[in-house]
Amino acid sequence: VVGLLERGESEALADAERAQSAISYTRLVEGDPAIFASWQLEEARRRLADSRLLRKSIENDLNRLELQLLQGDPSLAFLRTVLFSS
């Protein structure tokens, strides 16, 4: 799961770089304000921030679950039995 989120982050970063280069080209060469490319850049940056936040949240949840398993939390006894049986 974390690997997929990291892949999403890298794709969003690549999209942001492409949009930024499109903005630069459009403004310098064509003299256009590049509104569409600006929207693409904003959307890519939002996706990047959302992916990072989601990845951190999932990593935090996994760490908490691992700690509970190591401490022997009775509410997670079924997970321990399943993990030991596999």
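Up top you'll find the structure we're talking about.
Everything quoted here is computed from the prediction, not taken from an experiment.

Enquirer: Tell me about the overall build of the protein, residues and numbers included.
Expert: In terms of regular secondary structure, the protein is built from 3 helices and 0 strands. Starting at the N terminus, the α and β elements of the protein follow one another as α-α-α. Here the protein has a C-alpha radius of gyration of 21 Å; the compact-globule value for 86 residues is 12 Å, and the former is much larger. With respect to the principal axes defined by its C-alpha atoms, the protein has extents near 65 × 20 × 15 Å. Out of the 86 residues in the protein, the part that is buried amounts to 20%. Of the contacts made within the protein by residues no fewer than 6 positions apart, 51% connect residues no fewer than 24 positions apart. When the accessible surface of the protein is summed, it comes to about 6,500 Å², and 59% of that surface belongs to carbon and sulfur atoms.

Enquirer: How would you summarise a nonpolar patch on the surface if you had to cite specific residues and measurements?
Expert: Residues Y25, L28 and V29 make up a contiguous nonpolar surface patch of roughly 370 Å² in combined accessible area. Examined against the element boundaries, V29 turns out to sit in helix α1 (residues 2-30).

Enquirer: Before we move on, could you go through the pattern of salt bridges and cite the residues and values that matter?
Expert: This model, assessed by the stated rule, comprises 8 salt bridges. Its salt-bridge partner being E9, residue R52 comes within 3.6 Å of it at the nearest N-O pair. Of this pair, R52 sits in helix α2 (residues 35-71) while E9 sits in helix α1, and the two are 43 residues apart along the sequence. Residue R52 is classed as partly exposed on the basis of its relative accessible area of 38%. Note that E59 and R55 form a salt bridge whose closest N and O atoms lie 3.5 Å from each other. Highlighted residues: E59 and R55, both in helix α2, separated by 4 residues, approximately one helical turn. For E59, a relative accessible area of 28% translates into the label partly exposed. In this structure R55 comes out as buried when scored by relative accessible area, which is 15%.

Enquirer: Which residues make up the nonpolar core, and what values do they have?
Expert: Judged by nonpolar contacts, A16, A19, I23, A34, A37, L41 and A44 together constitute the single largest core of 7 residues. Apart from residues no more than four positions distant in its own chain, A37 is found in contact with A19, A22 and I23.

Enquirer: For the packing of α1 against α2, give the residues involved together with the corresponding values.
Expert: Two measures define how a pair of helices packs: the angle their axes make with one another and the distance between the axes. Contact geometry for α1 and α2: axes closest at 8 Å, N-to-C directions at 160°. Taken together, the axis directions place α1 and α2 in an arrangement best described as roughly antiparallel. Along this stretch, α1 crosses α2, giving a crossing that reads as left-handed. A per-class count over the contact of α1 with α2 returns 14 nonpolar, 5 polar and 10 charged.

Rules used in this analysis
Within each chain, residues carry numbers counting from 1 in the order of the written sequence. Confidence filtering applies because this is a predicted model: local features only for residues at pLDDT of at least 70, side-chain atom pairs given and counted only at 80 or more, and all residues used for totals across whole chains, interfaces and linings. Excluded from the side-chain calculation are hydrogens and water; included are all heavy atoms of the structure. Note on conventions: DSSP H or I runs of at least 4 residues are helices, E runs of at least 2 residues are strands, and numbering of each starts at the N terminus. Note that the radius of gyration is over C-alpha atoms, with the globule rule given as 2.2 Å times the number of residues to the power 0.38. Only protein chains enter the accessibility calculation, which uses a 1.4 Å probe; a residue is then buried when its area is under 20% of its type maximum, exposed when over 50%, and partly exposed in between. Contacts: residue pairs with any heavy atoms within 4.5 Å of one another. Under the convention used here, a 1.4 Å probe and the Shrake-Rupley method define accessible areas, while residue burial counts only the protein chains that appear. Each patch is built from residues that are more than 30% exposed by relative accessible area and take part in no salt bridge. Like charges join if they lie within 9 Å; nonpolar side chains (Val, Leu, Ile, Met, Phe, Trp, Tyr) join within 5 Å. Counted as salt bridges are all cases of a side-chain nitrogen of Lys or Arg within 4 Å of a carboxyl oxygen of Asp or Glu. The term nonpolar core refers to a set of buried residues drawn from Ala, Val, Leu, Ile, Met, Phe, Trp, Tyr and Cys, joined through side-chain atoms within 4.5 Å. Where helices are involved, their axes are fitted lines through C-alpha atoms of the stretch in contact, as for all axes, and angles between N-to-C directions lie from 0 to 180°. For classification purposes, an angle smaller than 35 degrees is called roughly parallel, one larger than 145 roughly antiparallel, one from 65 to 115 roughly perpendicular, and anything else oblique. Note on convention: the crossing is left-handed when the near helix lies turned anticlockwise from the far helix by less than a right angle, right-handed when the turn is clockwise. Side-chain classes follow a simple rule in which Ala, Val, Leu, Ile, Met, Phe, Trp, Tyr, Cys and Pro form the nonpolar group, Asp, Glu, Lys and Arg form the charged group, and the remainder, Gly included, forms the polar group.

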